[in-house]
Amino acid sequence: MFQEIIVALVGLSVALIVIYKIYGFFFSKTEQKGSCGCSKCGCSTKQKSIKY
């Protein structure tokens, strides 16, 4: 009885965390620095500066 309740609570909390992370990745404007949503990947539209 208690095991099922604990498993349900853990599963629900994991599902909420995953949904929150996915929502934050796609809809958070502060974290999206490149065109694809990541800051330092190859598909960023910013020109790369070369230091000599």
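Residues numbered from 1 in each chain as written. Predicted model: local features only at pLDDT ≥ 70, side-chain atom pairs only at ≥ 80, totals over all residues. Heavy atoms only, no water.

Some points on the packing of aromatic side chains
In step 1: This structure, assessed with the given rule, holds 1 aromatic pair.
In step 2: Aromatic pair phenylalanine 25 and phenylalanine 26: ring centres 5.1 Å apart, planes at 80°, arrangement edge-to-face.
In step 3: For phenylalanine 25, a relative accessible area of 41% puts it in the partly exposed group.
In step 4: Accessibility expressed as a relative area gives 53% for phenylalanine 26, which makes it exposed. (Phe/Tyr/Trp six-rings, centres within 6.5 Å; stacked < 30°, edge-to-face > 60°. Buried < 20%, exposed > 50% of the residue type's maximum accessible area, 1.4 Å probe, protein only.)

Brief notes about helix H1 (residues 2-27)
In step 1: Over its 26 residues, H1 extends 37 Å from the first C-alpha to the last, a length consistent with the 38 Å expected when each residue adds 1.5 Å.
In step 2: Of all 26 residues that make up H1, 0 are buried, and the element is exposed over most of its length. (Helix = DSSP H or I, 4+ residues; strand = E, 2+ residues; numbered from the N terminus. Expected span 1.5 Å × (residues − 1).)

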